[in-house]
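Architecture at a glance
For reference, the chains in residue letters:
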Amino acid sequence: MYREIFVPVDNSQHSDWAVDRAIEMCRKSDGRITGNHVYAARLHDVRFRQLETGLPAQFQTPEEIKKQRKIHDKLIEKGLQLIADSFLDQLGKRCEAAGVALTRQLLEGINYEEIVNEVNRGAGRLPGLIGFDPNRAAGYDGGDKVRSDVKLGENGRLVAEEEDSAARLVGSSGRQYDLLALGAHGLGRQQFSQLGGVAARVLRGVEKDVLIVRDQQPLTGGRFLVCVDGSSYSYKAMKSALELAQEFGASLYVCSAFDVEYHHVVFHNIKDVLSYQASKVFKFEEQEELHNNIIDKGLLKLCQANLKRAEVMAQQFPDVPIKTQILIGKPFQVIMQWADEIKPTLLVIGRHGAHRIEHTELGSQSENLVRLAPCNVLLTGVVGVRPEDIPWIEEDGQAGLPWAPEAEVRILRVPPFAQGIARRAVEEYVLEKAGNGGPPPTVTNKWLDEAIQKLLPTHMQLIMGIGSAEEIALAEVKAGEQMKATKVQGHDTDPEPPVPQIETKCPVTGAVSRRPRVATDPIVWTEEGWQRLQLVPLIARPLARNTVERFARNHDIWRVTTHVMDDNKQAMIEADEFDVDTMMVMFTELRAKQIRAEAEGKDALSPEMRAFIEEAKAQGITRCPIRDIEEKMEKCPVDMKTVTPGEAKRAIEKLLQ
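The rules behind these values
Residues numbered from 1 in each chain as written. Predicted model: local features only at pLDDT ≥ 70, side-chain atom pairs only at ≥ 80, totals over all residues. Heavy atoms only, no water. Helix = DSSP H or I, 4+ residues; strand = E, 2+ residues; numbered from the N terminus. Buried < 20%, exposed > 50% of the residue type's maximum accessible area, 1.4 Å probe, protein only. Contact = heavy atoms within 4.5 Å. Areas by Shrake-Rupley, 256 points an atom, 1.4 Å probe, with all protein chains shown as cover. Core = buried A, V, L, I, M, F, W, Y, C linked by side-chain atoms within 4.5 Å. Expected span 1.5 Å × (residues − 1). pLDDT = per-residue confidence, 0-100. Pairing = 2+ DSSP bridges. Disulfide = S-S within 2.5 Å. Axes fitted to C-alpha atoms, helices over the stretch in contact; angles between N-to-C directions. Parallel < 35°, antiparallel > 145°, perpendicular 65-115°, else oblique. Nonpolar A, V, L, I, M, F, W, Y, C, P; charged D, E, K, R; others polar.

1. Things to note about the overall build of the protein
- In terms of regular secondary structure, the protein is built from 24 helices and 15 strands.
- Counting every position in the protein, which comprises 657 residues, the buried fraction comes to 46%.
- Put simply, 75% of the contacts in the protein that link residues at least 6 apart link residues at least 24 apart.
- Total accessible area on the protein stands at roughly 33900 Å², and carbon and sulfur atoms take up 51% of it.

Below is the structure:
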């Protein structure tokens, strides 16, 4: 439970609610509240200097200006201290009535900066209090270091006097806090505000636990909702939720969410970019099956394990009723939907999740929830979080299959976030094939190759880095070299010239001239079209580019815009001729290679032919039937030396049925 609670006050409704929750906690824990208000006297000095030019002439002398500045500084500082002290008076009455200890505190500076410094390190700047009664001022963190130096002249006005700027401050408190209780909004709340400006800035800087208060709902007898994602941050939130639920007699709802839609959205987005031909190369149906059978099921198992760990923690709090729920969808979205159903009085979440990147201030899901949640939110901080704090469950003790060193090296190329799922999928495949009898089989390169071919499309093997290093390097280098020849110029919105022209450069003089374009000139891509093409994985990008450019040339189009890319995709969908047309293009090139090889007395799969096949693979044509050309050559019904295009097309259609 929280014993040292820091509460900034500004006399707003949300500030009052934050005081209520802090008092409620301190009464349970016999804790202390540090009531705080921050004022910024220095900000007024800047504005006063801007207004000096409008003063009457008698106040424009250097001596008078200096005098007025000193008087203004002292007057503003004294006034702000009195206002802040009045805020703390109201807090003091409520704490006294509740029997809760209170420390009064004023800080001078930018509000959110001083709050962050004070909560994290006890390093907020304590001001010297002007003209305060020493006995009263002793109740502040500044102690007896109090100035009572307001001097009045015979006319009853403040006297201008020299003052050491260091005297304005008396150091810092050095206090340590367990919790910051903060109203979600302040006095400046607007109708559509999700979070107040101070609260939003403070949230990003504070390392301790933060309670964001949105309403007057008490903690006692409430419904607490906590979210776990397998990270040590989330289990710290779980522990805090259990402790609070036990103290206040609340029921606890625990959820773990995973997003299956994201993969489908990505697939459809890529499919919208590519032509029908290229989409066939990517075999989107196979990829969707991959995610349904491996990724999505793997994520489901992770969520089940997350909740099982939460239940293990809950065994230490038998009096807390707990309900668990797996949510499927974008985490913050489905959490909000479940919150709308169960109407929690408190949402408890970790500041970060399993995918935290070092030096980030706040996780994206947490930030969305803090802004959108209709109830109070407890955001647990990073202080004291350790990776080893993740609860142990039985599944953690189940050892995986042994891996041969060469197979271990290859599986480690999978991105870290997917490595566990990939490893488990391979092991399940090996167990399925090898059976459960006898000693556990070792995952060798042979088993890994079989599993990869079964579970992943070929181009995905390259993209995910599971293919051999030589294959990946060759494919990416060749694809990069091929893309260098692409000409990018202008934008979609540029007007179409009456006569398209192209710049030419004399190889001797270097002079640049312009001439009308001809059919053999290279296709030009607009910046928007080029950026859209970058969404295609590098290995398959040349094929996607060539497909679109071929469509453009066939329709006498010299510039590829995003509109042209859309037209290309629609034409391929309407024609439904991907496999046939792709094979015709490839077979035309193969025919020339084959005739040349036979004319030279070489077999059909000469080194030149094999090199051509490898080049086709490197261009991303990995799921096209040409991938198995070496096995298919003997069965191919087409005589490349005598067949006509029409006959070849009919023969290929029959082969593909």
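2. Concerning the nonpolar core
- If you look at the biggest cluster of nonpolar residues, it comprises 54 residues, and the most contacted ones within it are Ile5, Val7, Met25, Met238 and Leu252.
- The greatest single-element share of this core, amounting to eight residues, is contributed by helix H7 (residues 232-248).
- Other than its neighbours up to four places away in sequence, Met238 contacts Val226, Val228, Leu252, Val254, Ala310, Met313 and Ile322.
- In this structure, Phe6, Tyr177, Val210 and Leu379 belong to the second largest nonpolar core, which totals 40 residues.

3. Remarks on helix H1 (residues 13-29)
- The end-to-end C-alpha distance of H1, which contains 17 residues, comes to 25 Å, matching closely the 24 Å that a straight helix rising 1.5 Å per residue would cover.
- By the criterion of burial, H1 is predominantly enclosed, with twelve of the 17 residues buried.
- Within H1, the full set of buried residues consists of His14, Ser15, Trp17, Ala18, Val19, Arg21, Ala22, Ile23, Glu24, Met25, Cys26 and Ser29.
- Phi for Asp30, located one or two positions after H1, is positive at around 55 degrees.

4. Quick look at helix H6 (residues 197-205)
- Three or more residues of H6 are buried, namely Ala199, Ala200, Val202 and Leu203.
- Next to the buried residues of H6 lie helix H4 (111-121), strand S4 (179-183), strand S5 (209-213), helix H12 (364-372) and strand S10 (376-380).

5. Here we look at the environment of Val213
- One can find Val213 in strand S5.
- Judged by relative accessible area, which is 0%, Val213 ranks as buried.
- Separated by 199 residues in sequence, Val213 and His14 have C-alpha atoms that sit 6.6 Å apart.
- When sequence neighbours within four positions are dropped, the list of residues in contact with Val213 reads His14, Trp17, Ala18, Arg21, Leu182, Gly183, Ala184 and Asn376.

6. What about the confidence of the model for the protein?
- In this model, the protein carries a mean pLDDT of 78, and residues with pLDDT of at least 70 account for 73%.
- Confidence over residues 616-634 falls short of pLDDT 50; this stretch has 48 contacts with residues more than four positions distant or in other chains.

7. Remarks on the pairing of strand S3 (residues 101-108)
- Of all eight residues that make up S3, six are buried, and the element is covered over most of its length.
- As paired elements, strand S2 (residues 32-39) and S3 share eight bridges and run parallel to each other. When the bridges of S3 are listed, Ile33 appears paired with Leu102.

8. Things to note about the state of the cysteines
- This model, assessed by the stated rule, comprises zero disulfides.
- No disulfide involves Cys303; its sulfur sits 9.3 Å from the nearest other cysteine sulfur, which is in Cys255.
- The structure places no disulfide on Cys375, whose sulfur is separated from the nearest cysteine sulfur, that of Cys227, by 9.8 Å.

9. Focus on the packing of H1 against H7
- The geometry of H1 relative to H7 is characterised by a closest axis approach of 11 Å and an angle of 80 degrees between their N-to-C directions. In terms of their interaxial angle, H1 and H7 are classed as roughly perpendicular. Contacts from Glu24, Met25 and Lys28 in H1 reach Leu244, Glu247 and Phe248 in H7.
- Of the residues that constitute the contact of H1 with H7, the class distribution is three nonpolar, no polar and three charged.

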